[in-house]
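Geometric and topological summary
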Amino acid sequence: MYGLTDEDLAVQATARGFADELVPFEVEAELAGGHLPPEVEQRHRERARELGLTATNIPAGLGGRGLSSLQQVLVQEQGGRVTNALAWCMSTPPGWLPEVASDYQRERWLLPSVRGEATECYAITEELAGSDVADLAATARREGEDYVLDGEKWHVTSYNEATYAFFQARLVGGAHDGEHAMFFVDLPTPGVRVVRTPAYAHTIAHHHPIVAFEDVRVPASHLVGAEGDGMTFAHEWFRFERLMVAARCLGAAERLVEETTAFAAERVVGGRSLADYQLVQGMLADSLTELFAARAMVYATARSLDEGADRKVAHARCAMAKLYASEMAGRVADRAVQVFGGRGYMRENVAERFYRELRVERIWEGASEVQRVVIAGQLRKRGLHALV
Ligand SMILES: Cc1cc2nc3c(=O)[nH]c(=O)nc-3n(C[C@H](O)[C@H](O)[C@H](O)COP(=O)(O)OP(=O)(O)OC[C@H]3O[C@@H](n4cnc5c(N)ncnc54)[C@H](O)[C@@H]3O)c2cc1C
């Protein structure tokens, strides 16, 4: 089904097998603030690398796996079946970086990331600039051979695991005054400090602290691409990550439908199997139907990227995939909690964990409303036939 080749199916099977290895660790992680013993986390990272499930988005010539977009979706879909972000060990370095990195940047940050020796985090969002990334207040000022960076960034995911950050800011002075630029900032670097680490709805090992950058001095060699390019990278990242969010939502929905169906079959209520009640059947049927629709859409989007779809068209399709799959997964999780009843409200239950964890898929990488704005904008500019 779905026209997958033997190679696609092999990639999918490897990722599925690895996800199945991670599932037994979920409850332990949930009850320990998202953390597993360091040696277990290390083993998972090594295993993901051995199986070729890391750097799937990086060309083979740079040490990555060089998978097609569809194959990357198949891998991340399987990762999405696991709660507590345990499958984030199937890491994907920034796929837009090889094209723009200088030789120095390639050696210093990109290749170590591909080898799993370095980890990035993204410091872009601010207290007053989230959906409207263009509105950043953080600044970058050129001083001789250096840039001086200032700003306070919110929700910096994986800061506690990262060895460097991408810091996006508005340039002050010079030919590109007011435009955006992005910089590599090694962690730790003098002037970078955690303001606080808020607790979030999900329980994962990756924190999202508020981080202050105060008079942080980096050499000009840390500028990514050229001055004024900052927003371009954010858009490249959005396209990729929105599709991968959609892929992980498929996996989550599949796991939920599987687990809910199994539970409904074995649970007896009022002397009958739960699965015999038509109102319960309705919930299972709706979830399966929506999963099928979302999967067809996400795979078709990935294929169109592999076939070289126009960038703007791809942008709209990835937005549609993310919008639909994330909202679908939210509905599926809600129904799953309902079918599990009181058990579905216990943190040891997969439905409870996904119910919390999937909520953010409708917010990060652009809230659902922002996806709708992107889609409607492209519909207006290009017309229905260009997009679907
Ligand atoms: C767990 C988590 C991890 C994150 N990780 C990172 C990270 O690593 N790096 C990083 O830089 N950022 C990160 N973010 C930030 C994330 O990308 C933003 O939260 C998101 O883009 C929304 O921005 P905001 O929270 O400021 O909401 P706002 O921009 O204040 O928007 C609030 C709400 O307003 C509505 N809205 C916004 N714009 C429109 C519009 N045009 N039309 C209609 N309605 C609209 C939406 O419903 C939206 O949810 C993370 C966020 C979370 C929650």
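Shown above is the structure to which this text applies.
Summary of the structure given here. Please read these numbers as outputs of a predicted model, since none were measured by experiment. (Residues numbered from 1 in each chain as written. Predicted model: local features only at pLDDT ≥ 70, side-chain atom pairs only at ≥ 80, totals over all residues. Heavy atoms only, no water.)

**Structural notes on the state of the cysteines**
Overall, the coordinates contain zero disulfides when judged by the stated rule. The cysteine Cys89 is free of any disulfide, with Cys249 supplying the nearest cysteine sulfur at 18 Å. Cys249 supplies the cysteine sulfur nearest to Cys318, a cysteine that is in no disulfide, at a spacing of 14 Å. (Disulfide = S-S within 2.5 Å.)

**Some thoughts on the packing of aromatic side chains**
Throughout the structure, instances matching the rule amount to 17 aromatic pairs. Plain terms: the ring middles of Tyr2 and Tyr299 are 5.0 Å apart, the flat faces sit at 70° to each other, and that makes the pair edge-to-face. Here Tyr2 is found in the segment before α1 (6-22), whereas its partner Tyr299 is found in helix α8 (residues 278-306), with 297 residues between them in sequence. Tyr299 sits in the buried class, given a relative accessible area of 2%. The interplanar angle of 80° and the centroid separation of 5.5 Å between the aromatic rings of Tyr164 and Phe166 together place this pair among those described as edge-to-face. We classify Tyr164 as buried; its relative accessible area is 0%. On the basis of relative accessibility, which here comes to 0%, the residue Phe166 falls in the buried class. (Phe/Tyr/Trp six-rings, centres within 6.5 Å; stacked < 30°, edge-to-face > 60°. Helix = DSSP H or I, 4+ residues; strand = E, 2+ residues; numbered from the N terminus. Buried < 20%, exposed > 50% of the residue type's maximum accessible area, 1.4 Å probe, protein only.)

**Quick word on the site of the ligand**
The environment of the ligand is made up of 16 residues, and the closest members are Thr125, Ser131, His155, Thr157 and Glu369. At 2.7 Å, a side-chain N or O of Ser131 approaches an oxygen atom of the ligand. Side-chain polar atom of Glu369 to an oxygen atom of the ligand: 2.7 Å apart, as the coordinates give it. In the complex, the protein chains occlude 63% of the 970 Å² of accessible area that the ligand would expose alone. When grouped by side-chain class, the residues that make up the shell around the ligand number eight nonpolar, six polar and two charged. (Near = heavy atom within 4 Å. Polar contact = N/O pair within 3.5 Å; in protein donor to acceptor, adjacent residues only side chain to side chain. Areas by Shrake-Rupley, 256 points an atom, 1.4 Å probe, with all protein chains shown as cover. Nonpolar A, V, L, I, M, F, W, Y, C, P; charged D, E, K, R; others polar.)

**Some points on the pairing of strand β3 (residues 146-153)**
Residues in a regular strand point their side chains to alternate faces of the sheet. Pairing of strand β2 (residues 139-143) with β3, which is carried by five bridges, proceeds in the antiparallel orientation. Each bridged residue has a counterpart across the sheet, and for Glu143 the counterpart in β3 is Asp146. Linking β2 to β3, which pair antiparallel, is a turn of two residues; within it Gly144 sits at a positive phi near 60°. Sheet topology note: the β3/strand β7 (residues 210-219) ladder contains seven bridges and is antiparallel. If you follow Asp146 over to β7, its bridge partner there is Pro219. (Pairing = 2+ DSSP bridges.)

**Quick notes on unusual backbone geometry**
Residue Leu187 is joined to Pro188 through a cis peptide bond whose omega torsion reads 0°. Its place among the elements puts Pro188 in the loop between β5 (180-186) and β6 (192-196). In this structure, Ala55 is a non-glycine residue whose phi angle is positive, near 50°. Secondary-structure assignment places Ala55 in the loop between α3 (38-50) and α4 (69-79). Of note, Ala85 is a non-glycine position whose phi angle comes to about 55°, a positive value. Residue Ala85 is classed as buried on the basis of its relative accessible area, which comes to 14%.

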